[in-house]
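Inside the fold
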Number of protein chains: 2
Amino acid sequence: MNAPVATHELQAMQRPVSDEFLQALTTRFGTQCSTALAVREQHGRDEGSIAAPPPAAVVFAESTQDVQDAVRLCDQHRVPVIAYGAGSSLEGHLLAVQGGITIDVSRMNQVLSVNTEDLTITVQPGITRKALNDAIKDTGFFFPIDPGADASIGGMTSTRASGTNAVRYGTMRENVLALEVVTANGEVIRTGNRAKKSAAGYDLTRLLVGSEGTLGIFTEITLRIYPLPEAVSAAICSFPSIEAAVHTVIQTIQMGIPIARVELVDVNSVRMVNAYSKLDLREEPMLLMEFHGSPTGVKEQAEMVQDIANEFGGQSFEWAERPEDRTRLFTARHNAYFAAVSSVPGCRCITTDACVPISRLADALLECVTEADASGIPYFLVGHVGDGNFHFGYLIDPDNDAQREQAEQLNHTLVARAIALGGTCTGEHGIGIHKQGFLLEEAGDGAVAMMRAIKQALDPKNILNPGKIFQLQ
Amino acid sequence: MNAPVATHELQAMQRPVSDEFLQALTTRFGTQCSTALAVREQHGRDEGSIAAPPPAAVVFAESTQDVQDAVRLCDQHRVPVIAYGAGSSLEGHLLAVQGGITIDVSRMNQVLSVNTEDLTITVQPGITRKALNDAIKDTGFFFPIDPGADASIGGMTSTRASGTNAVRYGTMRENVLALEVVTANGEVIRTGNRAKKSAAGYDLTRLLVGSEGTLGIFTEITLRIYPLPEAVSAAICSFPSIEAAVHTVIQTIQMGIPIARVELVDVNSVRMVNAYSKLDLREEPMLLMEFHGSPTGVKEQAEMVQDIANEFGGQSFEWAERPEDRTRLFTARHNAYFAAVSSVPGCRCITTDACVPISRLADALLECVTEADASGIPYFLVGHVGDGNFHFGYLIDPDNDAQREQAEQLNHTLVARAIALGGTCTGEHGIGIHKQGFLLEEAGDGAVAMMRAIKQALDPKNILNPGKIFQLQ
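How each quantity is defined
Residues numbered from 1 in each chain as written. Chains lettered and ligands numbered in written order. Predicted model: local features only at pLDDT ≥ 70, side-chain atom pairs only at ≥ 80, totals over all residues. Heavy atoms only, no water. UniProt positions renumbered as here; feature names shortened; annotations may be inferred. Buried < 20%, exposed > 50% of the residue type's maximum accessible area, 1.4 Å probe, protein only. Helix = DSSP H or I, 4+ residues; strand = E, 2+ residues; numbered from the N terminus. Pairing = 2+ DSSP bridges. Arc of directions from axis to C-beta. Contact = heavy atoms within 4.5 Å. Phe/Tyr/Trp six-rings, centres within 6.5 Å; stacked < 30°, edge-to-face > 60°. Axes fitted to C-alpha atoms, helices over the stretch in contact; angles between N-to-C directions. Parallel < 35°, antiparallel > 145°, perpendicular 65-115°, else oblique. Left-handed = near helix turned anticlockwise from the far one by under 90°. Nonpolar A, V, L, I, M, F, W, Y, C, P; charged D, E, K, R; others polar. Buried area = accessible area lost by both parts, 1.4 Å probe. Salt bridge = Lys/Arg side-chain N within 4 Å of Asp/Glu carboxyl O. Polar contact = N/O pair within 3.5 Å; in protein donor to acceptor, adjacent residues only side chain to side chain. Least-squares fit on C-alpha atoms with pLDDT ≥ 70 in both. Domains from an automatic or database assignment. Expected span 1.5 Å × (residues − 1).

Per an unreviewed UniProt entry, chain A goes by the name D-lactate dehydrogenase (cytochrome) and belongs to Comamonas testosteroni. According to the UniProt record, the Cofactor (unreviewed entry) comment for chain A is "FAD". Regarding chain A, the relevant UniProt record gives this comment under Sequence similarities (unreviewed entry): "Belongs to the FAD-binding oxidoreductase/transferase type 4 family."

What follows is the structure, encoded as structure tokens:
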């Protein structure tokens, strides 16, 4: 039901691209268009585990007009077209499974305007989240959404990304205010505006956020930014068990304590991170927390969480007050993936991404831990647990098909459990190719049929990133 | 361009309802179906200023199955169908402009489940916001969204409503987690789930929130609830000018102070409210504020805002510490409309609703105040200014066509200005019939064409609240 698509199936789905089309593309784009195999191959994959033939060409767009012209040509010739930012997606989003071309928007990486009075910023889609924050670091404001990778804002918008700050600041769903979009027929439209709220017609912005390139290609994105908190402090707290850590989080959220980050790191991750980042964290399940606010507020929040942690057997907080210590801790957390992969030489990591109502988090996690332990596959567990979102990473031998199958089975059980507990098959990575079976399980035929009807209405020739999220037939 | 539709035009749009259909409806619903003129007339209007012929029948739904069966009959007979909750919408949303029937969901008013661990509640659409809060008042949690009227949750979801708490807690956009929906062909689907975030496919929930009954009829709604703040305090602060008050708000928001409510009340409103609610508020422009948090946090927030207010010539805060005093103040604010209407015997109030980026709020307001003063029409101005959202109410003589025309012209200028300043023609009331011209101005042909394509795909027979938000041709 959720098996990766075999390469021969992907090849069978390829739609032909005519010489006439490629000629027209080259005429329009000149050196901004490449058909070199290395370039095509680089754009024909993402960080996920599925392989497909590369696109027929890559256009390096430098303006909205470029995107518009490329899409118009694709529309005329019924050629699939995939937008590409940083290549960091995980579920096969960028693969040219039906052939066609890729539009690389990484050169469209400018900040177009910053408005600190309104707490908004307008950027081009190719800018990465780190570059964005670098660009505004002297303004006293920041953009909080931080998936582990240095993803492009366009890609983050397309997958409805989130990360460690989402518990306080929300995800891309809450933080994209407006879009400029090239639609399937090459028209440029705008959705939303810089007003903080609006009741004017269908919420096209929210429909497009998370649509994985299947409804339009973003050329401008207006985001919310936030004042840098007056005070920030980070702490780690070790617990006797994952359950104790999770119950501390549940109670923190339930009391409305505005914690900014609360990350669960299991004992496997702690060991891997210690080795990789040369830290000496206590080798027990751990919460990594950050508090934002006024100096008094931060102190008060931390005291309340410490009290809750004590009830569940948590240790005394260890503080990271200095910015460089905080950065070191959260960098270590963001590097958990690399720490894990380097802990098993030659391995590949199969990463899961489920999210449940927080009251069900302990149930969801503990059974998965038992199963992962029993499998004998090395694994780690991290989670944005304030949101009920967690990731297992299974470290498999890429040449061991049986182990891969076993890891996929663990993932399947994990996701099915999350859905059964009232949760979702993906908290932040998206559906892509890999999770289409899960989407059907989660949303049901009726809701997926509604998505399909929308896709067919807005992209009747099915040229925008076809074959992603759901199958049309 | 935005003139109210004349009644003869609305009559011309009526689609015939066959005796066969009415017979089938009566057979299925018995006493749950009424064709009495008084019942139909009551359901054929809202709080807005447009009149239309009433629906042909009213079905009082008591279950999802009832809604489903009524919609199926409408689908079979191509009969328009309008969902009705509390009747408090303002822009003609509930009017049977193309004939058909109304489904009154006010009997579907149950709380289905409360989950305080996950901060969610699932309700039927007919429950009003006050009834919802009454039902959970002993749990320590509350639902913050509070348009002035005691609207139904279904209606609030349909119009993407907000109110005084939105500056801190967001609008219905941020607070609806999941829906059960009857679609145009009478199918029941579910969108979203109780997980706090999800990246699973198109965000149908957000598409449906604010769709004004044109894409489906809600039968269950899952909302976020919030822990009652440990401490709440409210204060009023008078200012020498609207501008001074607005600049205080801009700076408060920009500094990230998590103020829960900040309402602007102009001097006209203060006078009207004093007379109506027997208060003795200082007759100057005023901010009415509420702070939520820990006792220390609330004190700290208030001190910071007082400092900012001082810079702009604001008076010392007058405090309302006791719950009953706070309630009295905010009730007075919510009653501003009634206070205004009762201040000019026999008048009708034309209410506007625009929202701009907060940096443009002073620009937007001051020119409108000048124009309103020049018009000679009695008016008042209130605003959820933390969001940049404001309402003028023009008190016109209903028999004076020239005055009505003049008020509509003031509204037109006000909205056009808001759009030109990067804002929206409606912050919280929706489009309905009255603002369709404005929606085109704001969103542009391309975006409205996208909305239309979605509507046609999801409701090919155009039976769900037809003629609202936009015209199909």
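A word on the pairing of strand β6 (residues 120–123) of chain B
Residue and element names in this part refer to chain B. Residues T120 and T122 line one face of β6 and the alternating positions I121 and V123 line the opposite face, and both faces are buried. Looking at chain direction, strand β5 (residues 111–115) and β6 are connected through four bridges and run antiparallel. Residue pairing in the sheet places S113 in a bridge with T122 of β6. In this antiparallel pair of consecutive strands, β5 and β6, the connection spans four residues, and L119 shows a positive phi of 60 degrees.

Concerning helix α2 (residues 19–29) of chain B
Residues and elements named next belong to chain B. Along α2, the residues classified as buried are F21, L25 and F29. The buried residues of α2 occupy one face: seen down the axis, they fall within an arc of 45 degrees. In α2, the exposed residues that point more than 90 degrees away from the buried face are D19, E20, Q23 and T27. Buried residues in α2 make contact with β1 (33–34), β2 (57–60), α4 (64–77) and β4 (101–104). Just downstream of α2 lies G30, where phi reads positive at about 50 degrees.

Some words on the packing of aromatic side chains
Here the distance between the centres and the angle between the planes together describe a pair of aromatic rings. As enumerated under the stated definition, the model contains 20 aromatic pairs over all chains in all. Here Y202 of chain A and F470 of chain B contribute two aromatic rings whose centre-to-centre distance is 5.5 Å and whose plane-to-plane angle is 85 degrees, an arrangement assigned as edge-to-face. Taken together, the positions of Y202 of chain A in the loop between β9 (188–192) and α9 (204–208) and F470 of chain B in the segment after α17 (436–458) put the pair across two chains. Taking relative accessible area as the criterion, Y202 of chain A reaches 3% and is therefore assigned buried.

Quick word on the packing of α2 of chain B against α4 of chain B
All names here are of chain B. Put simply, α2 and α4 touch, their axes get as near as 10 Å, and they point 165 degrees apart. With respect to α4, the element α2 is oriented roughly antiparallel. Every pair of crossing elements has a handedness; the one defined by α2 and α4 is right-handed. Mapping the contact onto sequence places E20, F21, A24, L25, R28 and F29 in α2 and Q65, D66, D69, A70, L73, C74 and H77 in α4. Residue composition of the contact of α2 with α4, grouped by class: seven nonpolar, two polar and four charged.

Focus on the interface of chain B and chain A
Contacts between the two partners involve 80 residues from chain B and, on the opposite side, 80 residues from chain A. For the chain B and chain A pair, buried surface summed over both sides reaches about 6300 Å², with 59% attributable to carbon and sulfur atoms. Area buried by chain B at its contact with chain A is led by K197, Y202 and M450 of chain B, which between them contribute 15% of it. Applying the counting rule to chain B against chain A returns six salt bridges. One can count 38 residue pairs in polar contact (both at pLDDT 80 or more) joining chain B with chain A. Elements that contribute at least two residues to the side of chain B that touches chain A include exactly α7 (166–169), α8 (172–175), β9 (188–192), α9 (204–208), α10 (242–254), α12 (295–311) and α17 of chain B. Tallying contributions element by element places α17 of chain B first for the side of chain B that touches chain A, with twelve residues. Its residues placed into classes, the side of chain B that touches chain A shows 33 nonpolar, 29 polar and 18 charged.

Some words on the sheet that holds β2 of chain B
Residue and element names in this part refer to chain B. With mixed pairing, four strands are arranged side by side in an open sheet as β1-β2-β4-β3. One side of each edge strand has no neighbouring strand; the edge strands of this open sheet are β1 and β3 (81–84). Note: β1 against β2, two bridges, orientation antiparallel. Bridge pairing in β2 places S34 opposite V58. Across the sheet, α4 lies against β2, β3 and β4, angled at about 170 degrees from β4, the strand it touches most.

Things to note about the relation of the copies chain B and chain A
The transformation that overlays chain B on chain A combines an axial shift of 0.0 Å with a rotation of 180 degrees, and the residual RMSD is 0.0 Å. Here the copies are linked by what is in effect a two-fold axis. Both copies share a contact surface, since 100% of the interface residues of chain B are interface residues in chain A too.

Notes on the pattern of salt bridges
Counted under the stated rule, the structure contains 49 salt bridges over all chains. With a shortest N-O distance of 3.0 Å, E180 of chain A and R190 of chain A are connected by a salt bridge. Taken as a pair, E180 of chain A in strand β8 (residues 176–182) and R190 of chain A in strand β9 lie far apart in primary sequence, ten residues in all. Note on R190 of chain A: relative accessible area 47%, which makes it partly exposed. Three or more residues are tied together by salt bridges with common partners; here these are K196 and K197 of chain A together with D387 and E428 of chain B.

Some thoughts on the sheet that holds strand β10 (residues 217–224) of chain A
Residue and element names in this part refer to chain A. Spatially, the five strands line up as an open sheet ordered β5-β6-β10-β8-β9, and their pairing is antiparallel. The strands lining the two open edges of the sheet, one partner per strand, are β5 (111–115) and β9. Each neighbouring strand pair of the sheet contributes to a mean axis angle of 10 degrees, computed without reference to strand direction. Pairing geometry for β8 and β10, over six bridges, is antiparallel. Opposite E180, over in β10, you have E220 as the bridge partner.

Quick look at the domain arrangement of chain A
Residue and element names in this part refer to chain A. Structurally, chain A comprises domain 1 (7–106 + 454–458), domain 2 (111–227) and domain 3 (231–421). Domain 1 puts 18 residues into the contact, and the matching count from domain 2 is 21 residues. Surface buried jointly by domain 1 and domain 2 totals about 1600 Å² across both partners, of which 67% is contributed by carbon and sulfur atoms. On the domain 1 side of the interface with domain 2, the three residues burying the most area are T64, H93 and L458, jointly 28% of the side's total. Where domain 1 packs against domain 2, one counts four residue pairs in polar contact (both at pLDDT 80 or more). For the side of domain 1 that touches domain 2, the secondary structure elements donating two or more residues are α4 (64–77), β3 (81–84) and α17 (436–458).

Points about α12 of chain B
Residues and elements named next belong to chain B. Compared with the 24 Å implied by 1.5 Å per residue over 17 residues, the 25 Å span of α12 between its first and last C-alpha is a close match. Regarding α12, the residues found buried are G297, V298, Q301, A302, V305, Q306, I308 and A309. The arc that holds every buried residue of α12, seen down its axis, measures 165 degrees, which confines them to one face. Turned more than 90 degrees from where α12 packs its buried face, K299, D307 and E311 sit exposed.

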